[in-house]
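One letter stands for each residue in the lines below.
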2 protein chains.
Amino acid sequence: MPAMPERTDAPTAEPAATGAPVAAGRNLLFLREEELRLAQDLLFFGYRDFTAGADQILAELGMGRAHHRVLHFVGRRPGITVGALLGILGITKQSLARVLTPLVEEEYVHQATGRSDRRQRLLSLTPKGQALERRLFERQREWVMRAYREAGPTAVEGFRRVMHGLMGPEARAQLEWLERPKG
Amino acid sequence: MPAMPERTDAPTAEPAATGAPVAAGRNLLFLREEELRLAQDLLFFGYRDFTAGADQILAELGMGRAHHRVLHFVGRRPGITVGALLGILGITKQSLARVLTPLVEEEYVHQATGRSDRRQRLLSLTPKGQALERRLFERQREWVMRAYREAGPTAVEGFRRVMHGLMGPEARAQLEWLERPKG
DNA sequence: CTGGTTTGGTCAGCGTCATTGACACATTTT
DNA sequence: AAAATGTGTCAATGACGCTGACCAAACCAG
């Protein structure tokens, strides 16, 4: 692979976005823009590399990221209903079924009939599912811990605040529910 | 698969997010784990909602996230070669072609033959491409700025540090190249 | 100049993960 | 009894990755 992109020089003279004359205010705007382009880059690269480790394990088992998400959220809220899981994942039940059905058949996930409402299927991880989820978790844990250590505790707090800010109202409510202590 | 503390319902249900109440070794480990599960959640929800706005615009044009990434990185480094773009995106040329060819045909992206090496195709955005990229950028800018404002400048710096830490060495080198001043 | 490598393009096929629409079934609610 | 809800399933579609194979143009080294 090409070790690094070679500096092939740009043909274009980089026509300034809206052709505005150089001014002090424009400079601030420019910096602001670069700041945000950097955020885009960071999110792209960071998220990609964050998931890469788990993806590798999953691929060996013939699974994908969708399986991981199910394992993760079912592990986080054992006894979650199918409907609640759909709400968190933000996908259709057909999409979920393609992943959940095999996970149940291969005994990673257990389904129990709801006691108050017997239409519900309460999902939880089997020991086999817990083991896989843990393996995936540990892989990502190493990766995230490395980043946390490099960045320091203050940065970690800032990271959390910004990521939370990137979430919409729906996701915020769901996150709150996820973190809610049981009982 | 480490036989770890069964996380399915910790009997000591006191995961109050607020700091360290009881200082037991096991407790610290528990908090550490919750911390990381939170990071997983934040990255999942945050990244999803970060991309949602642009995805909507793209869908109206019959495009997807892959198109956006090409527009973004070509816009960031006008004159970039196909090979360099492949390296940044981390995909195969067949995958890139499916997205790049239509973008060129519909005149969002311009290809110029390299002068020093005429095998190379130097990519840049046409005015049409610049307009679309800007539209997508503005949508994400609003979203990110909101998060930045909510979180504050210190948090933003921390966010950047952690996201950078989540990147692998390759991505770090590529980010450096992307940010390198032209000329 | 010739032969090997690099850059890029393309065909053909496959897998994952999402979508929509339609329908079925059990159970709960009205 | 009828309606609404929770879940499952069939069929078709699309976006976005992948591999393997092969080709052409251009560059580069002997």
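Right, let's walk through the structure included here.

Quick word on the protein's contact with DNA strand D
For step 1, the next point in the chain: For DNA strand D, the set of nearby residues contains 24 residues, the closest of which are K93(A), R119(A), R65(B), R69(B) and R98(B).
For step 2, the next point in the chain: The sugar-phosphate backbone supplies 56% of the atoms of DNA strand D found within 4 Å of the protein.
For step 3, the next point in the chain: Taking Q94(B), its side chain carries an N or O atom lying 2.7 Å from a base oxygen of DNA strand D.
For step 4, the next point in the chain: Top element by residues in the surface near DNA strand D is helix α2 (residues 65–76) of chain B. It accounts for four residues.
For step 5, the next point in the chain: Each residue belonging to the surface near DNA strand D can be placed in one class, and the counts come to three nonpolar, 12 polar and nine charged.

Thoughts on the nonpolar core
For step 1, the next point in the chain: In terms of nonpolar packing, the biggest core is built from 98 residues, with F45(A), V70(A), L85(A), F45(B), V70(B) and L85(B) touching the most fellow members.
For step 2, the next point in the chain: Those residues in contact with L85(B) that lie beyond four places of it in its chain are V70(B), F73(B), V74(B), I80(B), L96(B) and L123(B).

Remarks on the relation of the copies chain B and chain A
For step 1, the next point in the chain: Relative to chain A, chain B is turned by 180 degrees and slid 0.0 Å along the rotation axis, the superposed coordinates differing by an RMSD of 0.1 Å. Taken together, the turn and the small shift mark the pair as related by a two-fold rotation axis. If distances are taken from each C-alpha of chain B to the rotation axis, the shortest is found for F159(B), at 1.8 Å.
For step 2, the next point in the chain: Interface residue correspondence from chain B to chain A reaches 82%, placing this contact among same-surface, isologous pairings.

A few points about the protein's contact with DNA strand C
For step 1, the next point in the chain: Around DNA strand C sit 25 residues, and of these G64(A), R69(A), S95(A), K93(B) and R119(B) come closest.
For step 2, the next point in the chain: Those atoms of DNA strand C that come within 4 Å of the protein belong to sugar or phosphate at a rate of 57%.
For step 3, the next point in the chain: Backbone polar atom of V82(B) to a phosphate oxygen of DNA strand C: 3.3 Å apart, as the coordinates give it.
For step 4, the next point in the chain: Separating a phosphate oxygen of DNA strand C from a side-chain N or O atom of Q111(B) is a distance of 3.1 Å.
For step 5, the next point in the chain: For the surface near DNA strand C, the secondary-structure elements that each account for two or more residues are α2 (65–76) and α4 (93–105) of chain A together with α3 (82–89) and α4 (93–105) of chain B.
For step 6, the next point in the chain: In terms of residues, the surface near DNA strand C owes the most to one element, α2(A), which gives four residues.
For step 7, the next point in the chain: Each residue belonging to the surface near DNA strand C can be placed in one class, and the counts come to three nonpolar, 13 polar and nine charged.

A few points about the packing of aromatic side chains
For step 1, the next point in the chain: Taken as a whole, this structure holds 11 aromatic pairs over all chains when the rule is applied.
For step 2, the next point in the chain: Geometrically, the ring pair formed by F44(B) and F45(B) is tilted, given 5.2 Å between the ring centres and 55 degrees between the ring planes.
For step 3, the next point in the chain: According to the relative accessible area criterion, F44(B) is buried, its value standing at 10%.
For step 4, the next point in the chain: Of the residues examined, F45(B) reaches a relative accessible area of 0% and is grouped as buried.
For step 5, the next point in the chain: Ring centres of Y148(B) and F159(B) lie 6.2 Å apart, and the angle between their planes is 65 degrees; this geometry places the pair in the edge-to-face category. Here Y148(B), found in helix α5 (residues 127–151), pairs with F159(B), found in helix α6 (residues 153–166); they are 11 residues apart in sequence, far enough to count as distant. Here the two residues Y148(B) and F159(B) agree in accessibility, since each one is buried.
For step 6, the next point in the chain: Geometry around F137(B) places R37(A) over its ring, the cationic atom sitting 4.0 Å from the centre.
For step 7, the next point in the chain: When the ring centre of W143(A) is taken as reference, the NZ or CZ atom of R146(A) above it lies at 4.3 Å.

Topic: the interface of chain B and chain A
For step 1, the next point in the chain: Counting residues at the interface gives 84 residues for chain B and 81 residues for chain A.
For step 2, the next point in the chain: Carbon and sulfur atoms supply 64% of the area buried between chain B and chain A, which totals about 8,000 Å² over both sides.
For step 3, the next point in the chain: At the boundary of chain B and chain A, one finds 10 salt bridges.
For step 4, the next point in the chain: Salt-bridge contacts for R76(B) lead to D41(A); the nearest nitrogen and oxygen are separated by 2.5 Å.

Topic: the sheet that holds strand β2 (residues 109–113) of chain B
Two modes of strand pairing occur in sheets, parallel and antiparallel, and in both the strands are linked by backbone hydrogen bonds.
Residue and element names in this part refer to chain B.
For step 1, the next point in the chain: Judged by pairing direction, the sheet is antiparallel, and its three strands sit side by side in the order β1-β3-β2 without closing on themselves. Across the chains shown, the open sheet's two edge strands, defined by having one partner strand only, are β1 (80–81) and β2.
For step 2, the next point in the chain: Sheet topology places β2 next to strand β3 (residues 121–125); five bridges connect them, and they run antiparallel. In the strand pairing of β3, Q111 is matched with L123.
For step 3, the next point in the chain: α4 rests against β2 and β3 of the sheet, and its axis sits at about 95 degrees to β2.

Points about the environment of L71(B)
All names here are of chain B.
For step 1, the next point in the chain: Within the secondary structure layout, L71 lies in helix α2.
For step 2, the next point in the chain: Owing to a relative accessible area of 0%, L71 belongs among the buried residues under this scheme.
For step 3, the next point in the chain: With 29 residues separating them along the chain, L71 and L100 place their C-alpha atoms 9.3 Å apart.
For step 4, the next point in the chain: Ignoring any residue separated from it by four or fewer positions in sequence, one finds L71 in contact with L103, Y108, V109, L125, G129, L132, E133 and L136.

Parameters and conventions
Residues numbered from 1 in each chain as written. Chains lettered and ligands numbered in written order. Predicted model: local features only at pLDDT ≥ 70, side-chain atom pairs only at ≥ 80, totals over all residues. Heavy atoms only, no water. Near = heavy atom within 4 Å. Polar contact = N/O pair within 3.5 Å; in protein donor to acceptor, adjacent residues only side chain to side chain. Helix = DSSP H or I, 4+ residues; strand = E, 2+ residues; numbered from the N terminus. Nonpolar A, V, L, I, M, F, W, Y, C, P; charged D, E, K, R; others polar. Core = buried A, V, L, I, M, F, W, Y, C linked by side-chain atoms within 4.5 Å. Buried < 20%, exposed > 50% of the residue type's maximum accessible area, 1.4 Å probe, protein only. Contact = heavy atoms within 4.5 Å. Least-squares fit on C-alpha atoms with pLDDT ≥ 70 in both. Phe/Tyr/Trp six-rings, centres within 6.5 Å; stacked < 30°, edge-to-face > 60°. Lys NZ or Arg CZ within 6 Å of the ring centre and 35° of its normal. Buried area = accessible area lost by both parts, 1.4 Å probe. Salt bridge = Lys/Arg side-chain N within 4 Å of Asp/Glu carboxyl O. Pairing = 2+ DSSP bridges. Axes fitted to C-alpha atoms, helices over the stretch in contact; angles between N-to-C directions.

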